[in-house]
Amino acid sequence: MQLITPSFGLLFWMLIGFGILFFVLAKYAWPVITKMINEREQFIQQQLTEAEHVRQEMSNLKSEHQQLLVEAKEERDKILTDARKMVDKMNDEAKHRREKETDAMMREARIAIENEKMKAITEIKNEIANLSIEVAEKILGEELKESSRQEEIIQKWVEEMGN
């Protein structure tokens, strides 16, 4: 029971011990503790400020990244458009060149056909002339079998040449 109800002397010495402890703590420990708490508070505040700054930078970087993506897409679209134009131009040039070549080939073919046609006509004329000469030779050969008839024809030709 004595532990439960302390005596006056014990309370006195406990108060003096507590006072000394309080004085020592107030003189030496609390300034260090409060200094450390203030430093910790400043450090936390600085970290929060830096975190806000980093978050702001990340936001700026994100918007810059978005802008770069938009610019890259625009550049890609421009390059694709230019490439399509170039392909269309090349196709048009190839088509034009092909048409020119086709026209040239058609002209050459027409000239060749015309030349062959003229050659064929000349050959036919020559053949007709040869056949006509052969027919005339045969006819003249039959008519000129008689010598009196030969003399008449020669006389006729001489008179025609003289006129």
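Going by the structure above, here's the rest.
Calculation rules
The residue numbering used here restarts from 1 in each chain and proceeds along that chain's sequence as written. In keeping with the model being predicted, local features are shown solely for residues with a pLDDT of at least 70 and side-chain atom pairs are shown and tallied solely at 80 or more, while totals for entire chains, interfaces and linings include all residues. Each side-chain value is derived from all of the structure's non-hydrogen atoms; neither hydrogens nor water enter the calculation. The helix count covers DSSP runs of H or I at least four residues long, the strand count covers runs of E at least two residues long, and both are numbered beginning at the N terminus. Each radius of gyration is computed over the set of C-alpha atoms, and the globule rule expresses the reference value as 2.2 Å times the number of residues to the power 0.38. Note on exposure labels: buried denotes an accessible area under 20% of the residue type's maximum, exposed denotes more than 50%, and partly exposed covers the range between, all computed with a 1.4 Å probe on protein chains only. The term salt bridge refers to a pairing of a side-chain nitrogen on Lys or Arg with a carboxyl oxygen on Asp or Glu at a separation within 4 Å.

Asks: So, the overall build of the protein: which residues are in play, and what are the values?
Replies: Of the regular secondary structure elements, the protein holds two helices and zero strands. For 163 residues, the compact-globule estimate of 2.2 N^0.38 gives 15 Å, and the protein exceeds it by more than 25% at 64 Å. Along the first, second and third principal axes, the C-alpha atoms of the protein reach 200 × 40 × 15 Å. A total of 163 residues make up the protein; the buried ones form 1% of that total.

Asks: Explain the environment of E127 residue by residue, including any values.
Replies: Residue position: E127 is located in helix α1 (residues 8-143). By relative accessible area, E127 is classed as partly exposed at 44%.

Asks: I'd like a rundown of the pattern of salt bridges, residues and numbers included.
Replies: Here the structure, examined in full by the defined rule, presents two salt bridges. Between E52 and R55 there is a salt bridge, with its nearest N and O atoms 2.4 Å apart. With E52 and R55 both in helix α1, this residue pair falls three residues apart, about one helical turn. Overall, the relative accessible area of 40% leaves E52 in the partly exposed class. A salt bridge links R76 to D77; the shortest N-O distance between them is 3.1 Å. Residue D77 is classed as partly exposed on the basis of its relative accessible area of 38%.

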